[in-house]
Amino acid sequence: MSRPGQGVMMSVNGLGFPPQNVARVVVWEWLNEHSRWRPYTATVCHHIENVLKEDARGSVVLGQVDAQLVPYIIDLQSMHQFRQDTGTMRPVRRNFYDPSSAPGKGVVWEWENDGGAWTAYDMDICITIQNAYEKQHPWLDLSSLGFCYLIYFNSMSQMNRQTRRRRRLRRRLDLAYPLTVGSIPKSQSWPVGASSGQPCSCQQCLLVNSTRAASNAILASQRRKAPPAAPPPPGGPPGSLAVRPSATFAGAALWATPATSPTEPPQSSGAPPRSPSTLSGAPTPGQNNLNRPGPQRATSVSTRTSIPPGVPALPVKNLNGTGPVHPALAGMTGILLCAAGLPVCLTRAPKPILHPPPVSKSDVKPVPGVPGVCRKTKKKHLKKSKNPEDVVRRYMQKVKNPPDEDCTICMERLVTASGYEGVLRHKAVRPELVGRLGRCGHMYHLLCLVAMYSNGNKDGSLQCPTCKAIYGEKTGTQPPGKMEFHLIPHSLPGFADTQTIRIVYDIPTGIQGPEHPNPGKKFTARGFPRHCYLPNNEKGRKVLRLLITAWDRRLIFTIGTSNTTGESDTVVWNEIHHKTEFGSNLTGHGYPDASYLDNVLAELTAQGVSEAAAKA
């Protein structure tokens, strides 16, 4: 099946615009964490184009047209999307497509995700699907685009060729993307003159207007003081400037001075001829990263070099990381200094090292002193014959004359009847009976403890609601799965003289049981198999033995709502922290961490898993 033409970043006279009198559909796109260009909606693209016509070096406040994009601003000078609350910056691009393609007709193809929401395909995939749909093909193979999916138009579904899983898809008509012919008007200085109408008075625009005006004043001052350009280096083309490229945020050059500018990458083959002013590598007035062709911009994104001397580096890190500069402050500072022509370098936060170097099977060894290399859990079998009254009476002693204080379960006085009187009816438990837990000594109504136990896991154990002391053997609601553990010949940061214990958890998707939040409903298992690491020393092996016990008792994982994604009915950690970073500690889940082993031992003890409890 033939694939339609892709979007092109056309280069004419050094500008990223289509040739004169050639109509093209404009689609603005942003680069996600998987290196995929994701399109903005047609409404957002129309808004960006309107701002672009007024000021090609301005800023676009996306929240003005889409309430879901309130935190986002696009800086047209650096061609980056900036998120104000987190400081995250992502490259953006202005792409062109044929007016007869899907974006020109306002056709959007979407697939249904696990949460039941509809997600738009990438624009090249959308165009491919629409082309096959118009030709009335019964199906479409997306393997030529690098995806192992089949599209069936009769059933309007997408099937994964490997897992055979199907998802629904739909074709939706929306606003057509903006159409452009030739180049846009010359950019104007910020703020826009009176002829363009009154500027927006929202808080975001007022902030951008004030900072842009200040930036332009600084830029004008720098231009007046700028020395003459240095002579070209030996062998360089006329007008080229000797600079040291920088390792900037996402690898793109966001710093520049009026006297120096990074030279552009070599021109790709087949590109239209460029003007001498562009070939020199020196920026022309009013020209910015918007005017750089897509292939060249992609090449600059992958550049990795050193930071010039004297250029301040502002580390942009995730909010859950640590750093001397808040990410939002660093990102906004970079945008403003770049717009003012001042040198600044936004350094990319280093990526976490999640896994060790490859290990051959012959180098994988059992952990000394720990029998076996694998443990499996199956579906829970509820223990019958343990009714709630028997469990509660096993761990409590009757109190004939209770003190005049509150029962912390029902909040009624112990000298009165339980607040569960009339709610629960147990012939053997009178509502006024009070008991004391054997080890901790806390007192409650017997009927209150029966109600608490009946609402829990009903595994024969009891946990004091005041001090969390556990009576009996506590078990959890972990779904069936497999736990593997072995030794690998690599060292963790902070444990240079010891090898590493690697733990691999693997839990498949399944159906929730009676002990889970929604019995009979499907649950998901994201991110499995999960790899975790411990040092191979005495304390590390002790932690491993207790983790094996916790796994057997189904305490490592549970089913709930993910704190990371917000997804419900999915497998999540169950209050026993693990280290999932092998060679770094950028997210707080790695090494070195001097207190981790002691902390996880305390967390295991809180779940009733300890060597003392095992010997008891």
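Keep in mind it's a predicted model, so treat the numbers as computed, not measured.

Conventions adopted
Residues numbered from 1 in each chain as written. Predicted model: local features only at pLDDT ≥ 70, side-chain atom pairs only at ≥ 80, totals over all residues. Heavy atoms only, no water. Salt bridge = Lys/Arg side-chain N within 4 Å of Asp/Glu carboxyl O. Helix = DSSP H or I, 4+ residues; strand = E, 2+ residues; numbered from the N terminus. Buried < 20%, exposed > 50% of the residue type's maximum accessible area, 1.4 Å probe, protein only. Polar contact = N/O pair within 3.5 Å; in protein donor to acceptor, adjacent residues only side chain to side chain. Contact = heavy atoms within 4.5 Å. Arc of directions from axis to C-beta. Pairing = 2+ DSSP bridges. Axes fitted to C-alpha atoms, helices over the stretch in contact; angles between N-to-C directions. Parallel < 35°, antiparallel > 145°, perpendicular 65-115°, else oblique. Left-handed = near helix turned anticlockwise from the far one by under 90°. Nonpolar A, V, L, I, M, F, W, Y, C, P; charged D, E, K, R; others polar. Core = buried A, V, L, I, M, F, W, Y, C linked by side-chain atoms within 4.5 Å. pLDDT = per-residue confidence, 0-100. Phe/Tyr/Trp six-rings, centres within 6.5 Å; stacked < 30°, edge-to-face > 60°. Lys NZ or Arg CZ within 6 Å of the ring centre and 35° of its normal.

**Q** Quick question: what am I supposed to make of the pattern of salt bridges here?
**A** Pairing between side chains of opposite charge can happen when their charged atoms approach one another. All told, the structure shown has 27 salt bridges when counted by the stated rule. Glu473 is paired through a salt bridge with Arg553; the nearest N and O atoms lie 3.8 Å apart. Pair noted here: Glu473 is in the loop between strand E21 (470–471) and strand E22 (481–488) and Arg553 is in the loop between helix H10 (538–552) and strand E27 (557–560), with a separation of 80 residues, a long-range link. By relative accessible area, Glu473 is classed as partly exposed at 44%. Within the structure, one salt-bridge network assembled from shared partners comprises Asp114, Arg165, Arg167, Arg526 and Glu567.

**Q** What is the right way to read the side chain of Thr477 from this model?
**A** Within the fold, Thr477 resides in the loop between E21 and E22. Here the side chain of Thr477 touches Thr558 through a polar contact of 2.8 Å, side chain to side chain. Apart from the residues within four sequence positions on either side, Thr477 is in contact with Asn457, Glu515, His516, Arg554, Phe557, Thr558 and Ile559.

**Q** Would you take a moment to explain helix H8 (residues 388–395) for this structure?
**A** Along an α-helix, a turn takes 3.6 residues, which lines up residues three or four apart on a common side. The set of residues buried in H8 consists of Pro388, Glu389, Val391, Val392 and Tyr395. Angularly, the buried residues of H8 cover 165° about the axis, an arc narrow enough to put them on a single face. The inward-facing, buried residues of H8 abut strand E17 (396–398), strand E18 (434–437), helix H9 (446–454), strand E20 (462–463) and E21.

**Q** Mind showing me how you'd approach the sheet that holds strand E23 (residues 500–506) here?
**A** Hydrogen bonds along the backbone pair up the strands of a sheet, which may run parallel or antiparallel. Ordered in space as E16-E22-E23-E26, the four strands form an open sheet in which the pairing is antiparallel. Across the chains shown, the open sheet's two edge strands, defined by having one partner strand only, are strand E16 (374–377) and strand E26 (530–535). Direction aside, the axes of adjacent strands within the sheet are offset by 20° on average. By the bridge criterion, six bridges tie E23 to E26 in an arrangement that is antiparallel. Bridge pairing in E26 places Val504 opposite His531.

**Q** In this structure, what is going on with the packing of H10 against helix H11 (residues 596–606)? I would like to understand it.
**A** The description of two helices packed together rests on the angle between their axes and the distance between the axes. At their nearest, the axes of H10 and H11 sit 10 Å apart, and the two run at 25° to each other. Put simply, H10 runs roughly parallel to H11. Crossing hand, H10 versus H11: left-handed. Contacts between H10 and H11 involve Lys539, Gly540, Lys542, Val543, Leu546, Leu547 and Ala550 on the former and, on the latter, Leu597, Asp598, Val600, Leu601 and Leu604. Split into classes, the residues belonging to the contact of H10 with H11 amount to eight nonpolar, one polar and three charged.

**Q** What is the right way to look at unusual backbone geometry in this model?
**A** Among all residues save glycine, negative phi is the norm, and among peptide bonds the norm is trans. For the peptide bond that leads from Phe528 to Pro529, omega is 0°, which places it in the cis range. If you trace the backbone, Pro529 turns up in the loop between strand E25 (522–523) and E26. Of note, the phi angle at Arg164 is positive, near 65°, even though the residue is not glycine. Residue position: Arg164 is located in the loop between strand E11 (157–160) and strand E12 (166–173). In this structure, Lys468 is a non-glycine residue whose phi angle is positive, near 70°. Counting through the fold element by element, Lys468 comes out in the loop between E20 and E21.

**Q** Any chance you could explain the packing of H8 against H9 here in plain terms?
**A** Interhelical geometry of H8 versus H9 gives an angle of 120° and a closest axis separation of 9 Å. The angle between H8 and H9 places the two elements in the oblique class. You can see that H8 and H9 cross each other, and the crossing is right-handed. Where H8 approaches H9, its residues Pro388, Glu389, Val391, Val392 and Arg393 are matched on the opposing element by Leu446, Leu449, Val450, Tyr453 and Ser454. A breakdown of the residues in the contact of H8 with H9 according to their chemical character gives seven nonpolar, one polar and two charged.

**Q** Teacher, can you tell me more about the nonpolar core here?
**A** Side chains of nonpolar character tend, in soluble globular proteins, to be buried together. Residues Trp28, Tyr40, Ile48 and Leu62 are the most contacted members of the largest nonpolar core, which totals 39 residues. Among the elements of the structure, strand E1 (23–31), helix H1 (42–54), strand E4 (72–75), strand E6 (89–97), strand E7 (107–112) and helix H3 (123–134) are those that each provide at least two residues to this core. Apart from residues lying up to four places away in sequence, Leu62 is in contact with Tyr40, Val44, Ile48, Leu69, Tyr72, Ile74 and Gln81. Phe485, Ile488, Ile501 and Ala525 belong to the second-largest nonpolar core, a separate cluster that totals 38 residues.

**Q** When you look at the pairing of E23 in this model, what are you seeing that I'm missing?
**A** On a regular strand, one side chain projects to one face of the sheet and the next to the other, so that they alternate. Among the seven residues in E23, six count as buried, and that is most of the element. Both E22 and E23 contribute to a ladder of seven bridges, which runs antiparallel. Considered in E23, the bridge of His486 is made with Arg502.

**Q** I keep staring at the environment of Val44 and nothing clicks. Help me out?
**A** For Val44, the location among the structural elements is in helix H1. For Val44, a relative accessible area of 1% corresponds to the buried category. C-alpha of Val44 to C-alpha of Tyr177: the two residues are 133 residues apart in sequence and 9.2 Å apart in space. Leaving out residues up to four positions away in the same chain, Val44 has contacts with Leu62, Val65, Asp66 and Leu69.

**Q** I'm lost on the confidence of the model for the protein in this one. Help?
**A** For the protein, mean pLDDT is 75; residues scoring 70 or higher make up 66% of the total. A low-confidence stretch, residues 229–305 stays under pLDDT 50, and its non-local contacts, those more than four residues away or across chains, total 150 contacts. When the criterion is pLDDT under 50, residues 316–324 qualifies, and its contacts beyond four places in sequence or with other chains add up to 18 contacts.

**Q** What's the story with the packing of aromatic side chains in this structure? I'm lost.
**A** For any two aromatic rings, the description comes down to two numbers: the centre-to-centre distance and the angle of the planes. One pass over the full model with this rule turns up 12 aromatic pairs. With 5.9 Å between their ring centres and 55° between their planes, Tyr133 and Phe153 make a pair best called tilted. Taken together, the residues span a long stretch of sequence, with Tyr133 in helix H3 and Phe153 in the loop between strand E10 (149–152) and E11 at a distance of 20 residues. Residue Tyr133 is classed as partly exposed on the basis of its relative accessible area, which comes to 35%. Relative accessible area serves as the criterion here: at 10%, Phe153 is assigned to the buried category. On the basis of an interplanar angle of 85° and a centroid distance of 5.9 Å, the ring pair of Phe495 and Tyr591 is categorised as edge-to-face. Placement of Phe495 in the loop between E22 and E23 and of Tyr591 in the loop between strand E28 (570–573) and H11 is noted, with a sequence separation of 96 residues between them. A network of ring pairs unites the aromatic residues Tyr505, Phe528, Trp551, Phe557 and Trp573 as a single cluster. A cation over a ring is seen here: Arg439 above Tyr471, with NZ or CZ 4.4 Å from the ring centre. Between Arg530 and the ring centre of Phe528, over which it is positioned, the NZ or CZ distance is 4.3 Å.

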